[in-house]
Structures are given as structure tokens and as C-alpha cells.
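Per-entry structural report
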Amino acid sequence: ENIFIEGLVENFVRSPIQKNNLQESDAELIQIPGTSFIIAITTDSIVEEIERGLYTDPYTIGWMTVITNVSDLSAVGAKPIGILLNETLPQDVDIVFLKKIQEGIKDDCSLCNINVLGGDTNFSSRLHMGATAIGIIPEEKYLMRRGCTPGDLLFVSGSVGQGNSFAFNKLVQNKTFKDNRIRYQPGHRLKEGIILRKYASCCMDSS
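Reference entry: report on the structure contained in this document.

1. Topic: the state of the cysteines
Scanning the entire structure with this criterion turns up zero disulfides. For Cys 109, which is in no disulfide, the shortest distance to another cysteine sulfur is to Cys 112 and amounts to 7.0 Å. For Cys 202, which is in no disulfide, the shortest distance to another cysteine sulfur is to Cys 148 and amounts to 4.2 Å. The exposure class assigned to Cys 202 is partly exposed, which follows from its relative accessible area of 22%.

2. A short note on the pairing of strand E5 (residues 128-137)
Both strand E2 (residues 38-45) and E5 contribute to a ladder of eight bridges, which runs antiparallel. Across the sheet, residue Ser 45 finds its bridge partner in E5, namely Gly 130. As judged from the nine bridges shared by strand E3 (residues 79-90) and E5, these two strands associate in the antiparallel manner. By the bridge assignment for E5, Leu 84 is matched with Thr 132.

3. Section: the packing of helix H3 (residues 58-76) against helix H4 (residues 95-112)
Relative orientation and spacing of two packed helices are given, respectively, by the angle between their axes and the distance between those axes. Their axes nearest at 6 Å, the elements H3 and H4 cross at an angle of 35°. Helix-helix and strand crossings are classified by hand; for H3 and H4 the assignment is right-handed. In contact with Pro 58, Tyr 59, Ile 61, Gly 62, Trp 63, Val 66, Ile 67 and Val 70 of H3, H4 contributes Phe 97, Lys 100, Ile 101, Glu 103, Gly 104, Ile 105, Asp 107, Asp 108, Cys 109, Leu 111 and Cys 112. Grouping the constituent residues of the contact of H3 with H4 by class yields 13 nonpolar, two polar and four charged.

4. Side note on the sheet that holds strand E1 (residues 28-31)
Read from one edge of the open sheet, five strands run E1-E2-E5-E3-E4, paired in mixed fashion. Two strands in the sheet have a free side with no partner beyond their single neighbour: E1 and strand E4 (116-124). Adjacent strand axes in the sheet meet at a mean angle of 15°, parallel and antiparallel pairs treated alike. Lying on the sheet, H3 is in contact with E1, E2, E3 and E5; it crosses E5 at an angle near 30°. Along the sheet, H4 makes contact with E3, E4 and E5, crossing E3 at roughly 170°.

Rules behind the numbers
- Residues numbered from 1 in each chain as written.
- Predicted model: local features only at pLDDT ≥ 70, side-chain atom pairs only at ≥ 80, totals over all residues.
- Heavy atoms only, no water.
- Disulfide = S-S within 2.5 Å.
- Buried < 20%, exposed > 50% of the residue type's maximum accessible area, 1.4 Å probe, protein only.
- Pairing = 2+ DSSP bridges.
- Helix = DSSP H or I, 4+ residues; strand = E, 2+ residues; numbered from the N terminus.
- Axes fitted to C-alpha atoms, helices over the stretch in contact; angles between N-to-C directions.
- Left-handed = near helix turned anticlockwise from the far one by under 90°.
- Contact = heavy atoms within 4.5 Å.
- Nonpolar A, V, L, I, M, F, W, Y, C, P; charged D, E, K, R; others polar.

Fair warning: the whole summary comes from geometry, so function is off the table for now.
Next up, the structure:
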């Protein structure tokens, strides 16, 4: 995947005010000219997860649309400003299903203390959900994926493995068992990311 992405962008000119190089951080880090402020920008979609049947519950779809992007802001130590939504909906989308998606978005935004700033809505044959999250880092101290050295201590900010268990349950066990045994609703780590800016040598979103 890394080689594929490198091929996609090989002819692009990188911004001179961008602090990170390709694949060095979970969000793009842009220096505001004349200030010490960094704008963190990230975009992520959950198209594959929907098409492969990993996310089928509409509330979960809405929730994950937000949290996958907010998690990237956490990994660079940014404080969120807002989120832009990109919702591509089937022409015959069920209104109740759609309202559940929007409820998941609303509840996760409330948990993360982030506002929907706007976005784009389209119609297609399949449901596609994505977003762009924007955050700010008030001084030139940010986190990237690079920076670790041999002997460094490795920490996680929460318990791990629930996402793997959820995926196994949905994609493997649900071929036989119809019950959803795991409620998957990951939370954010925004406070931890801001604290880690002072102490960590590097950071990465585990998703």
C-alpha cells in the first residue's frame, strides 16, 4: 500500500509550509505563515468497511465516519476545530436508516466536542461515507509517526483488540451466527494526544 500511494503522488509538488513528509504522520501538518500555530488536517472514508459488510448498523456507520478522522487528530496532538462530512447516499435510501446514521454522527461529535462545519452530499448506487477533520496545535510541538529509537518504551492509550474481535465476529462468525456479540463504539483520545505532545517521541493511530 505504501508503494502504491507513493506512486499516486510522485508528480505532486509538496507545499513549502507543510511540516510532515509523505506518510510521516496521521494528519497533514500545515504551518500558518507568520505564526507558531500548526493546522492539522485529515480525511478518511469507510467505503471498504461498508461494502465488505464490516459496518452494517447505520448508527455505527455514522459513529465511525467521525471517529476515524478524530482519531487522526489525536495522533498528532491536535485540538479539533470541526469536521466536514462527505455523504454519498443511494437514491432509495431508507429514511429511518439515514436518520440513524446522522444520529451516530451527532452523538460522536458531541462526545468529541467537535462541530460539523459543512460538507457535501451526493447520490449514487452505493452508500459511501467520509469526512475531513481539522484541528489546531497552538505551538510548534506536534507528534509524528517517526522519531522512535531502539530502547524506547511503547505505550497504548487504551485497551487493544476490540476492533479485531469485532471484525472477526462480523466477517467470520456472522456467516454462521446471526447475533452481533460485540458492540463496537470506539472513543477518542484527544486529551491523551495533547498531553503526549510534551513527552512522546512519536505517535500513531492504531486503527
